[in-house]
Amino acid sequence: MTLQQEIVGNATQMAVVSLRPGQSVYGEAGTFLFKTPNVTVETRPAGPSGGGSGGQRSPGGGAGGLLRQAMGPSPQTGRRVPTGEPAAFQHFTAQDDEGTVGFTGVLPGELRALELDGTCAWFARRSAFVAAESTVDLRIAVQGGRTGTKGDDGSVLGKLTGRGTAIIAGAGTFIDLDPADFGGRIDVATGCVVAFEESIRYDVRRVGGLNRPGLVNPVLGGEGLSLATLEGGGRVILQSLTIESMAGALRKARGGDDQGPAGGVFPTPTG
């Protein structure tokens, strides 16, 4: 049985999860909103002894393998992966009776419940994960090695497998696409990719170089030095707002765009 949940709200949504007695859900510490008193909370390290697999752990897998995999060499790059993943997750379990837990995203935007049936995995940007029931496995996957694996540029993803419900979040409005409807391929700003099914071929690539056209790109496009390419057939979820665009709008609203008129490529004049 999948997780009983309801996503409510408009500009900023939250997920209200109903737990059966003994049922557990785990999530990021910053996404917890509220719970009923009969729901216990346990913080487990994201290491071999504590993870999202609810005791059904395989070596190196599950949310329990997040920290170890993040600190170990990437199979695609041979380098350590600076993922920024939390060192622990919070696990919520209903005791004796049904319980309720509320989760929310960290930015204004939407939430989406993904139903996994054990036959198809989902990949999601590392900042999109909110919560999942204990039967869903979460681990780090490295994609798009051509641009490296720094920050949240779309190269480091979370892979969700197993059976059950996982909840993800995005900023702004969600857009659902299938590359097959656009000739089999779409190019997307890396910050706008939220999640996609494993049937999608995904890569992150550079556009522009250290030449005159390459210097024009960041001036006119802000963050536009890399694109995510999604090919094949399957579900893709995009977000209409990125952290970078929101941060830029807040800087301008403050009356101080500290990057200057050239988007940070050239220094801001002083004096």
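What you see is a predicted model, and the numbers here were worked out from it, not measured in a lab.

1. Points about helix α3 (residues 243-253)
Along α3, the positions that sit buried rather than exposed are Met246, Gly248 and Arg251. After α3 finishes, the residue Gly255 shows a positive phi value of roughly 85 degrees.

2. Points about the pattern of salt bridges
Inspection of the entire model under this criterion finds five salt bridges. The salt bridge involving Arg44 is made with Glu42; its shortest N-O contact spans 3.3 Å. Of the residues examined, Arg44 reaches a relative accessible area of 17% and is grouped as buried. Asp137 serves as the salt-bridge partner of Arg139, at 3.2 Å between the closest nitrogen and oxygen. On the accessibility criterion, Arg139 (28% relative accessible area) is partly exposed. Here the salt bridges share partners, and the residues they tie into one network are Arg185, Asp187 and Arg205.

3. Overview of the side chain of Thr104
Checked against the element boundaries, Thr104 lands in strand β7 (residues 99-104). For Thr104, the side chain forms a polar contact with the main-chain oxygen of Gln13, separated by 3.1 Å.

4. Describing the nonpolar core
One finds Leu114, Trp122, Phe129, Leu160, Ile168, Val194 and Ile237 to be the most contacted residues of the largest nonpolar core, which totals 18 residues. Elements that contribute at least two residues to this core include exactly β8 (109-117), β9 (122-125), β10 (129-133), β11 (136-142), β12 (156-171) and β15 (193-197). It is β12 that provides the largest number of residues to this core, a total of three residues. Beyond its immediate chain neighbours, meaning those up to four positions away, Leu114 contacts Trp122, Leu160, Gly164, Thr165, Ala166, Ile168 and Ile237.

5. Observations regarding the side chain of Asp137
Within the secondary structure, Asp137 sits in strand β11. For Asp137, a relative accessible area of 12% translates into the label buried.

6. Looking at the environment of Ala113
When you line up the elements, Ala113 lands in strand β8. Measuring from C-alpha to C-alpha, the distance between Ala113 and Val130 comes to 9.9 Å, with 17 residues separating the pair along the chain. Setting aside its immediate chain neighbours within four residues, Ala113 contacts Gln5, Ile7, Thr165 and Ala166.

7. Thoughts on unusual backbone geometry
The phi dihedral of Asp96 falls on the positive side, at around 70 degrees, and the residue is not glycine. Accessibility expressed as a relative area gives 78% for Asp96, which makes it exposed.

8. A word on the sheet that holds strand β4 (residues 32-35)
Pairing within the open sheet is antiparallel, and its four strands lie in the order β1-β2-β7-β4. Edge strands, defined here as strands with exactly one partner in the open sheet, are β1 (4-8) and β4. Each adjacent strand pair in this sheet contributes to an overall mean axis angle of 20 degrees, direction not counted. Relative to strand β2 (residues 14-19), β1 runs antiparallel, the two being bridged by five bridges.

Rules behind the numbers
The numbering scheme is per chain: residues are counted from 1 as the chain's sequence reads. Local features in this predicted model are restricted to residues whose pLDDT is 70 or higher, and side-chain atom pairs enter the listing and the counts only when it is 80 or higher, whereas totals over whole chains, interfaces and linings include all residues. Water and hydrogen atoms were dropped before computing side-chain values, which therefore reflect all heavy atoms in the structure. The cut-offs for exposure are 20% and 50% of the maximum accessible area for each residue type, with area from a 1.4 Å probe on protein chains only; residues under the lower value are buried, those over the upper are exposed, and the others partly exposed. Going along the chain from the N terminus, every DSSP run of H or I of four or more residues is numbered as a helix, and every run of E of two or more is numbered as a strand. Each reported salt bridge corresponds to a side-chain nitrogen of Lys or Arg within 4 Å of a carboxyl oxygen of Asp or Glu. Any pair of nitrogen or oxygen atoms within 3.5 Å is treated as a polar contact; in protein, a donor-acceptor pairing is required on top of that, and neighbouring residues in sequence qualify only through side-chain atoms on both sides. Only buried Ala, Val, Leu, Ile, Met, Phe, Trp, Tyr and Cys residues count toward a nonpolar core, and they belong to the same one when joined by side-chain atoms within 4.5 Å. By the convention used here, residues are in contact when the closest approach between their heavy atoms is within 4.5 Å. Pairing between two strands is assigned when DSSP locates at least 2 bridges connecting them. Axis angles are defined between N-to-C directions and span 0 to 180 degrees, where every axis is a line fitted to C-alpha atoms and, for a helix, only to the segment in contact.

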